[in-house]
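# Reading the structure
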Amino acid sequence: MSVSGRLIRYFPKIRPNNPSTNFHIRFIHFHHRADQQFDEIPQRNISSLNSLLASYLRNNDAPASWDLFLHMHRLRNDLNSYTFTPVLGACSALPNPVRGVQVHVLMIKTGSDSETVTKTALMDMYSKHGQLGDSVRVFNEMGFKDVVTWNAMLSSFLRHGYLVKALGVFEEMRKERVEFSEFTLCSVLKACASLNAYRQGKQVHALVIVMGRDLVVLSTALIDFYSTVEFIDEAMKIHGNLSWRNDKIMQNSLISGCVHNKKYNEAFSIISKMKPNIVALTSALAACSENSDLWIGKQIHGVAIRWSFISDTQLCNTLLDMYAKSGKISNALLVFKGMPRKDVVSWTSMIDAYGSHGHGVEALELFRKMGEEGSGVLPNNVTLLSVLSACGHSGMVEQGRKCFVSAKCYGVEPSPEHYACLMDILGRAGRIEDVWCLFDDMVKNGTKPTGAVWAELLNACRINQDFKRGEIAAKNLLELEPDKPGNYVALSNFYAATGKWDSVDSLRRVMKERGMSKELGSSRIAVSRANEKLETSLSL
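What this report covers is the structure whose coordinates are included nearby. Residue numbers run consecutively from 1 along every chain, following the written order of its sequence. Per-residue local features are limited, in this predicted model, to residues with pLDDT of at least 70; the limit for side-chain atom pairs, both in listing and counting, is 80 or more; totals at the level of whole chains, interfaces and linings are taken over all residues. Side-chain calculation: all heavy atoms of the structure are included, whereas hydrogens and water are not.

To continue, consider the overall build of the protein chain. A run of H or I in DSSP becomes a helix once it reaches four residues, and a run of E becomes a strand once it reaches two; helices and strands are each numbered from the N terminus. For the protein chain, the count of helices and strands is 31 helices and zero strands. Throughout, a contact is declared for two residues whenever any of their heavy atoms are within 4.5 Å. Within the protein chain, counting contacts between residues at least 6 apart in sequence, those at least 24 apart form 62% of the total. Calculation of accessible area relied on Shrake-Rupley with a 1.4 Å probe; when residues are assessed, cover is drawn exclusively from the protein chains displayed. Here the protein chain displays about 27700 Å² of accessible surface, and carbon together with sulfur accounts for 52% of that area.

Attention shifts here to the pattern of salt bridges. Any Lys or Arg side-chain nitrogen located within 4 Å of an Asp or Glu carboxyl oxygen qualifies as a salt bridge. Inspection of every chain in the model, using the stated rule, returns 16 salt bridges. Of the charged contacts in the structure, one is a salt bridge between lysine 325 and glutamate 290, with a shortest N-O distance of 3.5 Å. Of this pair, lysine 325 sits in helix 19 (residues 313–325) while glutamate 290 is found in helix 17 (residues 278–291), placing the two residues 35 residues apart along the sequence. Only protein chains enter the accessibility calculation, which uses a 1.4 Å probe; a residue is then buried when its area is under 20% of its type maximum, exposed when over 50%, and partly exposed in between. According to the relative accessible area criterion, lysine 325 is partly exposed, its value standing at 45%. Overall, glutamate 290 belongs to the partly exposed group, its relative accessible area being 37%. Its salt-bridge partner being glutamate 479, residue lysine 475 comes within 2.8 Å of it at the nearest N-O pair. Of this pair, lysine 475 and glutamate 479 are both found in helix 28 (residues 467–480), four residues apart, which corresponds to roughly one turn of the helix. A relative accessible area of 52% means that lysine 475 is categorised as exposed.

A pocket here means an open set of points on a 1 Å grid, computed over the protein atoms alone, that has protein on both sides within 12 Å along at least five of seven lines. A cavity is instead a set of points where a 1.4 Å probe fits but cannot get out; residues with an atom within 4 Å of a point line either one. Grid points are joined across faces, edges and corners, and a volume is the space filled by probe spheres set on the points. What the largest pocket holds in volume is close to 410 Å³. Elements supplying a minimum of two residues to the lining of the largest pocket: helix 5 (81–93), helix 7 (116–128) and helix 9 (147–159). By residue class, the composition of the lining of the largest pocket is seven nonpolar, six polar and four charged. Ten residues, namely Ala, Val, Leu, Ile, Met, Phe, Trp, Tyr, Cys and Pro, are considered nonpolar, four, namely Asp, Glu, Lys and Arg, are considered charged, and the remaining ones, Gly among them, are considered polar.

As for its placement among the helices and strands, leucine 384 is situated in helix 23 (residues 381–393). Residue classification places leucine 384 among the buried residues on the basis of a relative accessible area of 2%. Between the C-alpha atoms of leucine 384 and alanine 407, which are 23 residues apart in sequence, the distance is 7.1 Å. Excluding residues within four positions of it along the chain, leucine 384 makes contact with Cys403, Phe404, Ala407, Val412 and His418.

Below, the structure written as structure tokens:
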């Protein structure tokens with residue numbers, strides 16, 4: 001059955017006083033303004049009212065747009081496609097998809113559902129409310145489709161994670177000889193980046209050049225694409241070939257790409273030539289965090305204070321992480337305490353900072369404070385993992401168990417990673433039976449063991465010399481992840497602990513035959529100050 005048939009059957013009429021469609025306008029001043037306008041509705045022409053609907057939507061006042069529409073529907077019988085297009089936009093921005101469905105019914109009854117622009121708005125509404133199937137059906141029922149319609153379908157697939165289908169829409173556009181817009185090409189580049197499809201993205205780049213499209217928008221999209229697929233040199237080349245290079249959004253994108261690809265000096269070089277902004281400084285702090293560059297990080301901190309950026313939560317979260325990874329736990333705490341607004345990332349980062357530096361008691365206390373009603377922020381999966389890790393680093397076995405049990409009080413369902421972390425805590429404390437009991441509980445609760453779980457079981461068996469059950473863990477680990485070198489190293493350590501040196505040699509031969517090698521540890525030290533230029537610019 002078509003969308004139209006199903007809708008008429010189930011949604012016969014819009015009722016302004018229906019609780020599902022009528023809601024309170026949130027701003028008192030709007031009521032006074034609206035009352036006057038509603039009184040004038042019968043006298044005003046439909047074009048001016050439609051313009052008013054669109055005006056509310058352009059000003060991000062979807063509630064006002066919807067309320068005006070309800071009064072128009074009650075007082076007038078000449079609603080047309082120019083009425084429904086902005087109203088559908090308002091429905092997309094408001095909660096509860098029933099509003100949009102009822103508008104669709106009214107469109108069908110008034111014969112206003114044939115215009116391309118209205119149908120496109122209808123597609124977008126269904127997609128934004130998670131009803132991709134209805135969005136696709138509306139698209140398929142359309143006769144004429146312009147580029148905006150095709151773009152809406154492409155965006156719908158992207159929004160719902162159907163990346164290959166999004167590229168399929170692009171191919172159909174080529175077959176139908178639809179003229180691409182900049183939005184089309186940006187969307188396709190986003191899909192290619194998510195799929196790590198370098199070849200297809202390169203073809204889109206060629207298309208941009210051949211078509212002579214606007215590089216103001218597309219350069220940023222191309223930089224994002226090449227950065228994501230880890231061809232940062234291509235991204236740098238695009239930036240270098242432009243006659244204008246001072247676009248803030250594009251520069252921020254390139255800085256972020258350089259950090260993602262560990263080109264820290266290049267990121268610092270770009271920052272040194274531009275006016276500071278929150279996005280650029282946040283990316284630079286991430287580079288300092290990864291590069292253990294405390295000196296530059298402190299200067300960026302100073303710039304953030306000087307430019308009044310320090311109230312930004314994301315920037316402060318990155319700053320906190322930078323200090324923590326540089327070993328400056330007291331500085332990290334000062335940043336945390338000074339944050340005007342703390343989100344779950346802020347709390348989790350501080351808990352993790354305490355834990356990684358052996359301050360398990362402080363991490364646990366912060367976790368408890370976070371769980372209190374006054375914080376306004378509840379722990380999530382990452383928070384639980386951080387506090388369990390903190391307990392493990394500090395040998396706080398019972399406290400770790402209590403945190404694990406309390407997770408469900410916050411709506412957190414333990415994942416295999418949480419089970420593996422608690423198994424590690426118990427195993428290092430010599431409580432091998434508790435480890436296996438926890439494993440049994442995990443299986444009974446329907447959680448499927450991962451490679452990390454079997455690896456922790458194997459390690460616990462090695463520490464506690466539980467060789468019989470260790471063999472079971474080893475077998476399952478290799479069956480699940482046969483190509484991971486770390487698993488062979490863990491198994492080799494297990495056999496070495498049991499004195500089975502023949503098995504150790506056998507595993508080493510298998511690794512050599514498969515071209516596997518043990519991952520090397522590494523440390524980073526600062527041997528020179530390579531960023532004098534940035535230091536000078538930041539001190540100005």
